[in-house]
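Fold and contact review
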Protein chains: 2
Amino acid sequence: MPGHGRGPWWHERFQEKGWRITPAREVIMDILHNTKEHISAADIYVKAHAVNPAIGLTTVYRTLDMLEKTGIVQKFDFGDGMARYELINNPGAKDHHHHLICLNCKKIIDYTEFMEDEVDFLEKTEKKLSDKYRFKITGHVINFYGLCKECGSGR
Amino acid sequence: MPGHGRGPWWHERFQEKGWRITPAREVIMDILHNTKEHISAADIYVKAHAVNPAIGLTTVYRTLDMLEKTGIVQKFDFGDGMARYELINNPGAKDHHHHLICLNCKKIIDYTEFMEDEVDFLEKTEKKLSDKYRFKITGHVINFYGLCKECGSGR
DNA sequence: CCTGTAAATGAAAATGATTTTCATTACCAA
DNA sequence: TTGGTAATGAAAATCATTTTCATTTACAGG
Ligand SMILES: [Mn+2]
Ligand SMILES: [Mn+2]
Ligand SMILES: [Zn+2]
Ligand SMILES: [Zn+2]
């Protein structure tokens, strides 16, 4: 049960990996927790910097990289020039969801409507793939692309 | 039925859109056709340039952009720094498939194993989303992330 | 509580894919 | 054939992300 140890849930995950607990990492994890939207490295940097001006953008990138590889955050590319990050499979993570992306105006719709079915389905697929390719799957991205209501009408 | 008009299938799609048929576009469409792998803008540029040195990289980017927005090609970001493109939903397109991406070594596994089921499932989902959000869906991307056989063993 | 050491950090510079600018060319409807 | 406009490419600009490197810091051991 949670709350057993001392610090936040992710401390032990860091320790398992042999990663040090640093002020910068504390702040970044905290920001990730308290952000619902997909957030960019620059966004995180601004917030982190507000809390602790010593934290640099480079560290933000390095930390996100690390978190991605461990499956703690999912990195997204919505085609608007910068990557976005989101906590997954963990306390504080937003409900699992997928995306509709407008190729014209870049609007992103998060949908959760049909997730029960989708998640069921995907779990089976993940299992099959995992077995067949000996691949340890930590996350997935499903994006549907097209034109939104506004952009689809005209051209 | 195909083969009715004069040129290749995509001529009419361009004409519908009011786009001009140009040498650069002919070459690029041709390259897209004859390439199985996901191909980058730079790759296309090299091949196009070999055929016709007048074709510039800028045009390659502009054309791919246009093709993406029309749903003729799908743009992929596999996290290795440059986008990849692939013909979809059209003659010459590779069989529909999804991806397993290793977060560590960036290896990409195209899998087609369970596609029948997945495609069935996705079509239903697309229909539902399309209706609910009045969103015209032209393509989708499904990526599973994790660690491949080689990278998963150790750390 | 100290210490040694490898990991972590940040500032600054480098990188490199993609975009923008702008003057020139070429498609194609009339 | 021609005019108007879309398309093009070379070169410069952008800008997110990465690399370098000198300095700092977490923390295992003593
Ligand atoms: Mn989302
Ligand atoms: Mn593929
Ligand atoms: Zn739109
Ligand atoms: Zn790998």
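Residues numbered from 1 in each chain as written. Chains lettered and ligands numbered in written order. Predicted model: local features only at pLDDT ≥ 70, side-chain atom pairs only at ≥ 80, totals over all residues. Heavy atoms only, no water.

1. With respect to the overall build of chain A
If you tally the helices and strands in chain A, you get 6 helices and 6 strands. In chain A, the succession of α and β elements from N to C terminus is α-α-β-α-α-β-β-β-β-α-β-α. In terms of principal-axis extent, the alpha carbons of chain A reach across some 55 × 40 × 25 Å. When each of the 155 residues of chain A is scored for burial, the buried share is 44%. With an accessible surface of roughly 8,300 Å², chain A has 51% of that area assigned to carbon and sulfur atoms. The averaged location of the 22 negative side-chain charges in chain A is 6 Å from the averaged location of its 22 positive side-chain charges. (Helix = DSSP H or I, 4+ residues; strand = E, 2+ residues; numbered from the N terminus. Buried < 20%, exposed > 50% of the residue type's maximum accessible area, 1.4 Å probe, protein only. Areas by Shrake-Rupley, 256 points an atom, 1.4 Å probe, with all protein chains shown as cover. Lys, Arg positive; Asp, Glu negative; His and termini not counted. Charge placed at Lys NZ, Arg CZ, Asp CG, Glu CD.)

2. Digging into the domain arrangement of chain A
A common way to express how large an interface is: the accessible area buried when the components associate. Residues and elements named next belong to chain A. Here chain A is partitioned into domain 1 (1–88) and domain 2 (91–155). For domain 1 and domain 2, the distance between their C-alpha centroids amounts to 22 Å. Summing both partners gives a buried area of about 1,200 Å² for domain 1 against domain 2, and 62% of it is carried by carbon and sulfur. Between domain 1 and domain 2 we count 4 residue pairs in polar contact (both at pLDDT 80 or more) in total. Of all the secondary-structure elements, those providing two or more residues to the side of domain 1 that touches domain 2 are β2 (73–76) and β3 (84–87). The element contributing the most residues to the side of domain 1 that touches domain 2 is β2, with 3 residues. (Domains from an automatic or database assignment. Buried area = accessible area lost by both parts, 1.4 Å probe. Polar contact = N/O pair within 3.5 Å; in protein donor to acceptor, adjacent residues only side chain to side chain.)

3. Some details on the sheet that holds β3 of chain A
Residue and element names in this part refer to chain A. Ordered by their spatial adjacency, 3 strands build an open sheet running β1-β3-β2, and the pairing between neighbours is antiparallel. Looking at the sheet topology across the chains shown, the edges are occupied by β1 (39–40) and β2. Pairing of β1 with β3, which is carried by 2 bridges, proceeds in the antiparallel orientation. The residue bridging serine 40 from the neighbouring strand is arginine 84, located in β3. (Pairing = 2+ DSSP bridges.)

4. Focus on the interface of chain A and chain B
Taken together, the contacts link 42 residues of chain A with 43 residues of chain B. Overall, the association of chain A and chain B removes approximately 4,200 Å² of surface from exposure, summing both partners, and the carbon and sulfur fraction of that is 67%. Applying the counting criterion to the chain A and chain B interface returns 2 salt bridges. A salt bridge links lysine 132 of chain B to glutamate 113 of chain A; the nearest nitrogen and oxygen atoms lie 3.0 Å apart. (Contact = heavy atoms within 4.5 Å. Salt bridge = Lys/Arg side-chain N within 4 Å of Asp/Glu carboxyl O.)

5. Re the coordination of the zinc ion (ligand 4)
All names here are of chain B. Coordination of the zinc ion (ligand 4) by the protein involves Cys102 (SG), Cys105 (SG), Cys148 (SG) and Cys151 (SG), with metal-donor separations of 2.2 to 2.4 Å. In this structure, the zinc ion (ligand 4) is surrounded by 4 donor atoms whose angles at the metal cover 100 to 114°, and the resulting shape is tetrahedral. Each donor residue of the zinc ion (ligand 4) belongs to the same chain, with the gaps between them written as C-x2-C-x42-C-x2-C. Given the relative accessible area of 0%, cysteine 102 is considered buried. (Donors = N, O, S within 2.8 Å, 3.2 Å for Na, K, Ca; no water. Tetrahedral: all angles 85-135°; square planar, octahedral: opposite > 155°, others 65-115°.)

6. Here's the deal with the protein's contact with DNA strand D
Lining the immediate surroundings of DNA strand D are 21 residues, of which Tyr61 of chain A together with Thr22, Ala54, Thr59 and Arg62 of chain B lie closest. Near the protein, within 4 Å, the atoms of DNA strand D are sugar or phosphate in 65% of cases. A distance of 2.9 Å separates a phosphate oxygen of DNA strand D from a polar side-chain atom of arginine 25 of chain B. Between DNA strand D and the protein, one listed contact pairs a base nitrogen with a side-chain N or O atom of threonine 58 of chain B at 3.5 Å. Among the elements of the structure, α4 (57–70) of chain A together with α2 (23–33) and α4 (57–69) of chain B are those that each provide at least two residues to the surface near DNA strand D. A per-element tally of the surface near DNA strand D places α4 of chain A first, with 4 residues. Grouping the amino acids of the surface near DNA strand D by side-chain chemistry returns 10 nonpolar, 6 polar and 5 charged. (Near = heavy atom within 4 Å. Nonpolar A, V, L, I, M, F, W, Y, C, P; charged D, E, K, R; others polar.)

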